Amino acid sequence: MKADISRQIGHQHMPSEHGQPHGRPIRKKRAWHLGTVLLHLALILGSVVMVFPFLWTISSSLKDISQIFMMPPSWVPDPFVWSNYVDTLRAMPFDVAYFNSFYISIVVVVASLLTCSLAAYAFAKIRFPGAGIVFILFLSMMMIPKQVTIVSLYVVIQKLGWVDSHLSIIMPAAFFNAFGVFLLRQFMMGIPRDLEEASIMDGANPLRIYWNVMLPLVRSALVAFGIFAFKDIWNQFLDPLIFLSTPERFTVPLMLNMFKGLYVADWALMMAGTAISVIPVLIVYVIAQRHIIEGIALTGIKG
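Below, the structure is looked at part by part.

1. Re helix 6 (residues 131–140)
- For helix 6, the full list of buried residues reads Ala131, Phe135, Phe138 and Leu139. Along the axis of helix 6, the buried residues cluster in a sector spanning 95 degrees; they form a single face. Structural note: helix 6 exposes Ile133, Ile136 and Leu137 on the side pointing more than 90 degrees away from its buried face.
- In the core, the buried residues of helix 6 are packed alongside helix 5 (94–125) and helix 9 (178–189).

Next comes the structure, spelled out in structure tokens:
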């Protein structure tokens, strides 16, 4: 009797021709393939949903204004109104707005990389009393919407005499970015302390360790954060709308807003201007795409 039971058990667990037990692994393999297909379908659907507004903007920028609100909507312009782009550049001083947005973005990105990397190094590698509490309080600022603090920020900017000045846009963005500090701090937490101790043995001070050891090792994270900072400041609308009043100081988002009047808006020219304004962000992203993916992938290794 025991021998029969042993033979039955052995037969149930006997491997198949492919070296796997009968039954269950096939179902697992099929379930794995089904899950992969569903995952890819969900990713494709999400990609289509995210790229839809951009494609619609490009399509609308090449239409006459009467075609934009045509029902049912048409994706292909008939005819293609290429003159919308020329009229957009002639209607508003986009060259001035482009220059303003570009130099503001460059200054903010450079300053943010310096200040955020210094703060991240302090939180990641320097031990001081209350570091954890200070870091939590620092990150809690990410949870507060910008609209809540805009009134107090305006009062400070007014006291400093920076209203209707680019300093009102540059300074808050350049010297406070909780996301950047968090991103770089998490990356630095993954760097072995042995490198820091070896540098100390060689006589390096904390500032030299930060500059010669930490920054080269977090290059991917710095590039990723730089792209995010560039995108955020380039697309920023609320602060320029509140602090700037002279058209010669307007940024690209504010210049686009001027196509919208009190009673009517020229949507065709606005769409063309929006398509033009996206070009710098796309160029920067395409150039640094590898660093962005690598920086985000390695950020959460430790910490």
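On we go from here.
2. A closer look at the packing of helix 5 against helix 8 (residues 167–175)
- Relative orientation of the contacting elements helix 5 and helix 8 amounts to 25 degrees, with a least axis distance of 8 Å. The orientation of helix 5 with respect to helix 8, classified from their angle, is roughly parallel. Where helix 5 crosses over helix 8, the two elements pack in a sense that is right-handed. Across the interface between the two elements, Tyr103, Ile104, Val107, Val108, Ala111, Ser112 and Thr115 from helix 5 touch Ile169, Ile170, Ala173, Ala174 and Phe175 from helix 8.

3. Quick notes on the side chain of Asp164
- By the secondary structure assignment, Asp164 is in the loop between helix 7 (146–160) and helix 8.
- Residue class for Asp164 comes out buried when judged on its relative accessible area of 17%.
- In this structure the side chain of Asp164 is engaged in a polar contact, spanning 3.0 Å, whose partner is the backbone nitrogen of Ser245.
- In contact with Asp164, not counting residues within four places along its chain, are Phe243, Leu244, Ser245, Thr246 and Arg249.

4. As for the pattern of salt bridges
- Scanning the entire structure with this criterion turns up four salt bridges.
- Lys146 serves as the salt-bridge partner of Asp239, at 2.6 Å between the closest nitrogen and oxygen. With Asp239 in helix 13 (residues 238–243) and Lys146 in helix 7, this pair connects stretches of sequence that are 93 residues apart.
- Of the charged contacts in the structure, one is a salt bridge between Glu196 and Arg193, with a shortest N-O distance of 3.5 Å. Pair noted here: Glu196 and Arg193 are both in helix 10 (residues 193–201), with a separation of three residues, about one helical turn.
- Here Arg193 falls in the partly exposed class, since its relative accessible area comes to 28%.

5. Describing helix 7
- End to end, helix 7 covers 20 Å across 15 residues, agreeing with the expected 21 Å (1.5 Å per residue, within 8%).
- The largest bend in helix 7 amounts to roughly 30 degrees and is located at Ser152.
- Regarding helix 7, the residues found buried are Ile150, Leu153 and Ile157.
- Considering only its buried residues, helix 7 is in contact with helix 8 and helix 13.
- Following helix 7 by one or two positions, Gly161 has its phi on the positive side, about 75 degrees.

6. With respect to unusual backbone geometry
- Note that the residue after Asp78, namely Pro79, is joined by a cis bond; omega there is 5 degrees.
- If you trace the backbone, Pro79 turns up in the loop between helix 3 (65–68) and helix 4 (83–91).
- Even without being a glycine, Asp164 presents a positive backbone phi close to 60 degrees.

7. Considerations on the nonpolar core
- By size, the foremost hydrophobic cluster in this structure holds 54 residues, and its most contacted members are Phe94, Met188, Val218 and Phe259.
- Excluding residues that lie within four positions of it along the chain, Val218 makes contacts with Phe187, Met188 and Ile191.

8. A short note on a nonpolar patch on the surface
- Together, Val51, Phe52, Phe54, Leu55, Trp75, Val76, Phe80, Trp82 and Leu282 make up a nonpolar patch on the protein surface, roughly 880 Å² of accessible area in all.
- By the element assignment, Trp82 lies in the loop between helix 3 and helix 4.
- The exposure class assigned to Trp82 is exposed, which follows from its relative accessible area of 57%.

9. Considerations on the packing of aromatic side chains
- Going through the model one piece at a time under the given rule, you end up with 14 aromatic pairs.
- Seen in terms of ring centroids, Phe52 and Trp75 are 5.1 Å apart; in terms of plane orientation they differ by 75 degrees. Their pairing is edge-to-face. A residue pair is termed long-range when its members are at least 10 positions apart, and Phe52 in helix 2 (residues 24–61) and Trp75 in the loop between helix 3 and helix 4 qualify at 23 residues.
- Judged by its relative accessible area of 41%, Trp75 falls in the partly exposed class.
- Arranged with centres 6.0 Å apart and planes meeting at 45 degrees, the rings of Phe123 and Phe138 form a pair that is tilted. A residue pair is termed long-range when its members are at least 10 positions apart, and Phe123 in helix 5 and Phe138 in helix 6 qualify at 15 residues.
- Here Phe123 falls in the buried class, since its relative accessible area comes to 14%.

10. Let's talk about the environment of Ser220
- Here Ser220 lies in helix 12 (residues 219–234).
- Between the C-alpha atoms of Ser220 and Leu184, which are 36 residues apart in sequence, the distance is 9.9 Å.

Cut-offs and rules
- Residues numbered from 1 in each chain as written.
- Predicted model: local features only at pLDDT ≥ 70, side-chain atom pairs only at ≥ 80, totals over all residues.
- Heavy atoms only, no water.
- Buried < 20%, exposed > 50% of the residue type's maximum accessible area, 1.4 Å probe, protein only.
- Helix = DSSP H or I, 4+ residues; strand = E, 2+ residues; numbered from the N terminus.
- Arc of directions from axis to C-beta.
- Contact = heavy atoms within 4.5 Å.
- Axes fitted to C-alpha atoms, helices over the stretch in contact; angles between N-to-C directions.
- Parallel < 35°, antiparallel > 145°, perpendicular 65-115°, else oblique.
- Left-handed = near helix turned anticlockwise from the far one by under 90°.
- Polar contact = N/O pair within 3.5 Å; in protein donor to acceptor, adjacent residues only side chain to side chain.
- Salt bridge = Lys/Arg side-chain N within 4 Å of Asp/Glu carboxyl O.
- Expected span 1.5 Å × (residues − 1).
- Bend = angle between axes of the 7 residues up to and from the residue.
- Core = buried A, V, L, I, M, F, W, Y, C linked by side-chain atoms within 4.5 Å.
- Patch = residues over 30% accessible without salt bridge, like charges linked within 9 Å, V, L, I, M, F, W, Y side chains within 5 Å.
- Areas by Shrake-Rupley, 256 points an atom, 1.4 Å probe, with all protein chains shown as cover.
- Phe/Tyr/Trp six-rings, centres within 6.5 Å; stacked < 30°, edge-to-face > 60°.

No statement about biological role is implied by the geometric values presented.
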